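# Per-entry structural report
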Amino acid sequence: MDLARVTQHEPVTVEAGRRAAVIAPVLMRDDRPHVLFTKRADHLGEHPGQMSFPGGGREPSDVDLRATALREANEEIGLQTDEPSFYGRLDDILTVTDYAVTPFVATVPDREYEPDQREVAEIAVLSVDDLTDRDNYESELRDHPKYGEIRLHFFHVDGYTVWGATGRMLVQLLELTTDWEVPPEVDRVVDPDADFRV
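So, a few notes on the structure that sits alongside this text. (Residues numbered from 1 in each chain as written. Predicted model: local features only at pLDDT ≥ 70, side-chain atom pairs only at ≥ 80, totals over all residues. Heavy atoms only, no water.)

## Here we look at the nonpolar core
Phe 37, Leu 126, Leu 131, Phe 155, Leu 170 and Leu 173 are the most contacted members of the largest nonpolar core, which totals 32 residues. Secondary structure elements with two or more residues in this core: strand E1 (18–29), strand E2 (32–40), strand E7 (99–107), strand E8 (120–127), helix H3 (128–131), strand E10 (148–157), strand E11 (160–162) and helix H4 (164–177). Ala 69, Ile 77, Leu 79 and Val 108 belong to the second largest nonpolar core, which has 14 residues in total. (Core = buried A, V, L, I, M, F, W, Y, C linked by side-chain atoms within 4.5 Å. Buried < 20%, exposed > 50% of the residue type's maximum accessible area, 1.4 Å probe, protein only. Helix = DSSP H or I, 4+ residues; strand = E, 2+ residues; numbered from the N terminus.)

## Let's talk about the sheet that holds E11
Whenever strands of a sheet pair, they do so through backbone hydrogen bonds, lying parallel or antiparallel. As summarised here, the arrangement of the four strands in space is E11-E10-E9-E12, forming an open sheet in which the pairing is mixed. Looking along the sheet, the strands with just one partner apiece sit at the ends: E11 and strand E12 (188–189). When strand E9 (residues 137–144) meets E10, the two strands line up antiparallel, connected through eight bridges. From the neighbouring strand, Glu 138 faces E10, where its bridge partner is Phe 154. Strand contacts of H4: E10 and E11, with the helix running at about 75 degrees to E10, the strand carrying the most contacts. (Pairing = 2+ DSSP bridges. Contact = heavy atoms within 4.5 Å. Axes fitted to C-alpha atoms, helices over the stretch in contact; angles between N-to-C directions.)

## A look at the environment of Thr 13
Structurally, the position occupied by Thr 13 is in the loop between helix H1 (4–8) and E1. A C-alpha to C-alpha distance of 8.5 Å links Thr 13 and Ile 93, two positions 80 residues apart in sequence. Apart from the residues lying within four places of it in its own chain, the contact partners of Thr 13 are Arg 89 and Asp 92. Engagement of the side chain of Thr 13 in a polar contact is seen with the side chain of Arg 89, the distance being 3.4 Å. (Polar contact = N/O pair within 3.5 Å; in protein donor to acceptor, adjacent residues only side chain to side chain.)

## Some thoughts on the environment of Ile 23
With respect to the helices, strands and loops of the structure, Ile 23 is situated in strand E1. The exposure class of Ile 23 is buried, given its relative accessible area of 0%. When the C-alpha positions of Ile 23 and Gly 55 are compared, they lie 6.3 Å apart, and in sequence the two are 32 residues distant. Discounting chain neighbours no more than four positions away, the residues touching Ile 23 are Phe 53, Pro 54, Ala 69, Leu 70, Ala 73, Leu 79, Phe 86, Phe 104 and Ala 106.

The following block contains the structure:
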């Protein structure tokens, strides 16, 4: 995993009424790169139970979006502000909840993190080897009522499924830093009203 490629990436910035920022935390475990995710608590109003990167909405007191990501990661998993080593950022992502999310890529220590039970049900550390295994990936094409035709990505690893906005961020992270590429063909085309397969 070559994180220096993130440093060279010119990210796309998107304007939206609401701003948010996350950290895509990469850590080394058993000499292999892994990515840390949070599983959102089931009682949350937006994206309950979904896998996400630590982060959240910008507050007026945040000096910039990186400060937002750091503050939220500290609240959600206890990441200290001096622990991440930042490499750059990925393209902004527009979510279905009308947030423009800025993802920052950073390495973090491999240690025990403490989930804030008010927001985070659990923390999952998934290996890049598994995330880039073609057998663990699938995608579907559907016609979104607001955004038109979209491709949804699903990564199934260790009983977790990473999809949605976090899945889109993960796709770019993996394509930038590894030899993995999104397969050109989709696994299925579904009706707009079909249930999401997670």
